[in-house]
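An overview of the molecular structure
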Amino acid sequence: MNKDKIIHKDIRKDFPILSKKILKTKDLVYFDTAASAQKPQVVIDELNQFYERHYSNVSRGVHTLSVESTLRYEDARKKVQNFINAKSENEIIFTKSATESINLVAQTFYDKYMSTGDEIILSLMEHHSNLIPWYFLRDKYGVVIKFANITESGEIDIDHFETLITPKTKIAALTHLSNVYGSQIDEKVSSICKKNNVAILLDGCQSAAHLKIDVQKLECDFFVFSGHKTYGPSGIGVLYGKESLLNEMPPYQGGGGMIGEVTTDKASYAELPAKYEAGTPPIAEAHGLGIAIDYMNNVGIENIINHEEELTKYAYEKISELDFVKIYGDGDNRNSIISFNIENIHSHEVSSFLDVEGIAVRAGHHCCQPLMKHLGVNSTSRLSFGLYNTIEEVDIFINALIKCKEFFIK
């Protein structure tokens, strides 16, 4: 890989936090984008300007500020629709997080389409946010949860997945891109679900900032992602759902904004998307997400993909040369994430040592305790890339890993 190659030479200047010094002397190397991406200056500036010049509550007022705020809020919805190629703006629901999006689907899908004894398919590598909402259904209503096996390379075992489907299987909820392996789901999974009339939800928290998302090609019924992992603000999540399903499923929460008419005897509910956006929504956060999508589009989604693929490949090859490091999963279907452990050194010690070198990586179970148990470990270290990372930073990281091993193992 050309060490001078980057999406464009000044892109790092777009992210003010990258000029920060760690412990006053070390340049920040931020390899924790899978936990949360850093924000470009344009998003920061637009959020400030929104609060300074345009802020008001949306949809409820005819005065200038309310109109300006509403236009920006709904413009963000349109940007998300285009970003993931949804058929309609009505299919885009703003929530406070991807976690809330999954909870919304779990509860309302059950209410409309499921009953005691019906089945849900998950995988062993799901984030807790795509486990616990379904566990709630199991504990409260007696649904059955089945777990698809995963291969040593970190992919869903397609043959095993297909054997899990029965006439009682109603939905599969699966990660689109694993936050431990960095592996992408096989498109065959959606085809199997469609063939068996099983709905599918894809957790796109790790994929939305790193892959070209097209919900039509993915053939998913639901897709969720979060703003803070896509270079936008925290406090904003997205739920895509097919309009036919969302129309049939009941409201998730009750309050202002989601009603049609209320009397002392009864209430009727608003049409999509307002039906699922009770209360004051994340107004500024939605606007910030829209600006972040503009930013990614201006950089170029294909440019981001190519840059991160080369960066991930280079890092995987360099780490593989270190005989004291174990990588989880292989490199053939990996994108932007590498999880590893150094023999006889706890991941927290590795992370702390790297921090002294100015390098931010994640350490722990990554909200994937069933997967950690499957791997036979309590935790791993994880580096994850964003569009702002460079090959030079990988080299700094490799040298720091060698120093870490020499420090702890004499």
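Everything that follows concerns the structure shown earlier in this document.
Calculation notes
- Residues numbered from 1 in each chain as written.
- Predicted model: local features only at pLDDT ≥ 70, side-chain atom pairs only at ≥ 80, totals over all residues.
- Heavy atoms only, no water.
- Patch = residues over 30% accessible without salt bridge, like charges linked within 9 Å, V, L, I, M, F, W, Y side chains within 5 Å.
- Areas by Shrake-Rupley, 256 points an atom, 1.4 Å probe, with all protein chains shown as cover.
- Salt bridge = Lys/Arg side-chain N within 4 Å of Asp/Glu carboxyl O.
- Buried < 20%, exposed > 50% of the residue type's maximum accessible area, 1.4 Å probe, protein only.
- Pairing = 2+ DSSP bridges.
- Helix = DSSP H or I, 4+ residues; strand = E, 2+ residues; numbered from the N terminus.
- Axes fitted to C-alpha atoms, helices over the stretch in contact; angles between N-to-C directions.
- Core = buried A, V, L, I, M, F, W, Y, C linked by side-chain atoms within 4.5 Å.
- Contact = heavy atoms within 4.5 Å.
- Right-handed = clockwise from strand over helix to strand, strands pointing away.
- Parallel < 35°, antiparallel > 145°, perpendicular 65-115°, else oblique.
- Phe/Tyr/Trp six-rings, centres within 6.5 Å; stacked < 30°, edge-to-face > 60°.

**Side note on a nonpolar patch on the surface**
A surface patch of nonpolar side chains, amounting to about 280 Å² of accessible area, comprises Ile259, Val262 and Tyr269. A relative accessible area of 34% means that Ile259 is categorised as partly exposed.

**Digging into the sheet that holds strand S16 (residues 362-364)**
Read from one edge of the open sheet, four strands run S13-S14-S17-S16, paired in antiparallel fashion. Looking at strand neighbours, the two that pair on one side only are strand S13 (325-327) and S16, the edges of this open sheet. Averaged over all pairs of adjacent strands, the angle between strand axes in this sheet comes to 30°, irrespective of strand direction.

**Some thoughts on the nonpolar core**
Among the nonpolar cores identified, the biggest contains 71 residues, and Ile84, Phe94, Phe161, Phe223, Phe225 and Tyr231 are the most heavily contacted of them. Here this core gets ten residues from one element, more than from any other, and that element is helix H9 (residues 283-299). With sequence-adjacent residues up to four places away left out, Ile84 is seen in contact with Ile92, Ile213, Asp214, Val215, Phe225 and Tyr240. In terms of nonpolar packing, the next biggest core, distinct from the first, is built from 31 residues, Ile93, Phe109, Tyr135 and Ile145 among them.

**A word on the pairing of strand S8 (residues 199-203)**
The element S8 is extensively covered by neighbouring structure, given that five of its five residues are classed as buried. Of the two faces of S8, both are covered, the one formed by Ala199, Leu201 and Asp203 as well as the one formed by Ile200 and Leu202. When strand S7 (residues 169-175) meets S8, the two strands line up parallel, connected through five bridges. Bridge pairing in S8 links Leu174 to Leu202. Viewed along the sheet, the connection from S7 through helix H6 (residues 188-195) into S8 turns out right-handed.

**Quick look at the packing of helix H1 (residues 41-54) against helix H2 (residues 64-84)**
For the pair H1 and H2, the least separation of the axes is 10 Å and the interaxial angle reads 155°. It follows that H1 is roughly antiparallel to H2 by the angle criterion. Contact with H1, carried on its side by Phe50, Arg53 and His54, involves Leu65, Glu68, Ser69 and Arg72 of H2 and no other residues of that element.

**Points about the packing of aromatic side chains**
This model, assessed by the stated rule, comprises 20 aromatic pairs. Judged by centre distance (6.4 Å) and plane angle (65°), the rings of Tyr30 and Tyr388 are edge-to-face. Taken together, the positions of Tyr30 in strand S3 (residues 29-30) and Tyr388 in the loop between strand S17 (380-384) and helix H13 (391-408) put the pair 358 residues apart, joining distant regions of the chain. One aromatic cluster is present, formed by Phe15, Tyr30, Tyr231, Tyr295 and Tyr388 through successive ring pairs.

**A closer look at the environment of Ser351**
Examined against the element boundaries, Ser351 turns out to sit in helix H11 (residues 347-356). C-alpha separation for the pair Ser351 and Arg53, spaced 298 residues apart in sequence, amounts to 42 Å. Other than its neighbours up to four places away in sequence, Ser351 contacts Val361 and Ala363.

**Focus on the pairing of strand S4 (residues 92-95)**
In S4, alternate side chains face the same way, and those of Ile92 and Phe94 on one face and Ile93 and Thr95 on the other are all buried. Bridge analysis of S4 against strand S10 (residues 237-241) gives four bridges, and the strand direction is antiparallel. Bridging from a neighbouring strand, Ile93 pairs with Leu239 of S10.

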